[in-house]
Amino acid sequence: MEQFAFIIALLLIGIALQKAHAPVDFAKSLNFFVIYVSLPATVLIQIPKIHFDVSALGVILVPWLLLPIVIAIVLLMTRKHPPHVRAALLLVMPLGNTSFVGIPIVHTLLGEEAIPYVLMYDQFGTFLILSLYGAAVIARYETGAFHKRLIVKKLLFFPPFIFLVFALVFGELPSVAQPYLRLLSSTLIPLALVSVGYSMKFGGEIDYRLFTQSLVLKLVIMPFIAFGILFAMGTDPLALKVAVLESGMPSMITAGALAIAAGFAPQLSAALVGYGIVVSLVTLP
């Protein structure tokens, strides 16, 4: 489980840098690189690998079916909170860390044969939701008003979405480009986690009650809902187990980075990602 040690180490590096004389907007600079370089490179590598499997339809549908349910719960939870807090939860609650944490956890608990289902959940679900839904949330709450044209513009010019469309249309890039894409993609997790660690500050703006409710929703309630959906669909047992685990993953690192970059309750967003990873090491098994 070296992956988990690496995750914790990167968070600790970010926390330690709080004591250093970091440049102004240090976390935003890291997030800018993640959004415009690291994430697009990852999309170009991962999206062409998608191969639809009808037997895994339940696995692919679960994140999309959970999305409106989680949105409704978050809207109810944040009815008395400021818009930036609501925006943060709308961004980090539906999206899980379904690859970097998901792959090693599922591999450890269910074995190698479960990994294809992980990739389907991650690529058909998490990646697409991040590009489409994530851009819409940012556009809606950055301005404080619902402007359809602005949301469409934000979506169309959101770098991961642009490269998502490119990857779907043109497929895998030539082999000569792959090593360089992998190099750029490899910066995503370290930079995003250091940014999250740097932004992790308890106290101040954090509502501890809301923080606790959010962790329970993400790590306990969502996998129970997923289990109910998949059980009703009569999903294959292995696919069911994978989807339940994936739906109970801690909040997506990149979603947290996007929330921080947009100014959506940065401390709360960072805490949900960072501490969520630690708590998930107990809840997922």
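Residues numbered from 1 in each chain as written. Predicted model: local features only at pLDDT ≥ 70, side-chain atom pairs only at ≥ 80, totals over all residues. Heavy atoms only, no water.

As a rule of thumb, nonpolar side chains are buried together in soluble globular proteins. Counting residues in each nonpolar core, the largest one holds 100 residues, and the members touching the most others are L89 and F264. A total of 15 residues in this core trace back to one element, the largest contributor, which is helix 6 (residues 115–143). The contacts of L89, once residues within four sequence positions are left out, are V74, M77, T78, P94, L210, S214, L268 and L272. (Core = buried A, V, L, I, M, F, W, Y, C linked by side-chain atoms within 4.5 Å. Buried < 20%, exposed > 50% of the residue type's maximum accessible area, 1.4 Å probe, protein only. Helix = DSSP H or I, 4+ residues; strand = E, 2+ residues; numbered from the N terminus. Contact = heavy atoms within 4.5 Å.)

As a further point, take unusual backbone geometry. In this model, A265 sits at a positive phi of 40°, which is unusual for a non-glycine residue. Structurally, the position occupied by A265 is in the loop between helix 13 (253–262) and helix 14 (266–283).

Quick look at the environment of I45 now. As for its position among the elements, I45 is in helix 2 (residues 26–46). Relative accessible area serves as the criterion here: at 10%, I45 is assigned to the buried category.

Evaluation of the coordinates by the stated rule reveals five aromatic pairs. Ring geometry for F166 and F170: centres 4.7 Å apart, planes at 40°, overall tilted. Placement of the pair is F166 and F170 together in helix 8 (residues 159–170), with a separation of four residues, close to one helical turn. Given a relative accessible area of 34%, F166 falls into the partly exposed group. Taking relative accessible area as the criterion, F170 reaches 59% and is therefore assigned exposed. Look at F211 and Y275: their rings are 6.4 Å apart centre to centre, the planes differ by 90°, and that puts the pair in the edge-to-face class. (Phe/Tyr/Trp six-rings, centres within 6.5 Å; stacked < 30°, edge-to-face > 60°.)

With that out of the way, let us pick up the packing of helix 1 (residues 2–16) against helix 10 (residues 188–199). The contact between helix 1 and helix 10 brings their axes to 6 Å, and the two run at 50°. With respect to helix 10, the element helix 1 is oriented oblique. In this structure, the crossing between helix 1 and helix 10 has a hand that is right-handed. Here helix 1 contributes F6, I7, L10, L11, I13, G14 and I15 to the contact with helix 10, which in turn contributes I189, P190, L193, V194, V196, G197 and Y198. Of the residues belonging to the contact of helix 1 with helix 10, the class tally is 12 nonpolar, two polar and no charged. (Axes fitted to C-alpha atoms, helices over the stretch in contact; angles between N-to-C directions. Parallel < 35°, antiparallel > 145°, perpendicular 65-115°, else oblique. Left-handed = near helix turned anticlockwise from the far one by under 90°. Nonpolar A, V, L, I, M, F, W, Y, C, P; charged D, E, K, R; others polar.)

This part covers helix 9 (residues 178–185). Listing the buried residues of helix 9 in full gives Q178, L181 and S185. End-on view of helix 9: buried residues confined to an arc of 60°, all on one side of the axis. The exposed set on the far side of helix 9, more than 90 degrees from its buried face, consists of Y180 and L183. (Arc of directions from axis to C-beta.)

On to the side chain of S280. Among the structural elements, S280 can be located in helix 14. Under the relative-accessibility criterion, S280 is labelled buried at 0%. At a separation of 2.7 Å, a polar atom in the side chain of S280 contacts the main-chain carbonyl oxygen of I277. (Polar contact = N/O pair within 3.5 Å; in protein donor to acceptor, adjacent residues only side chain to side chain.)

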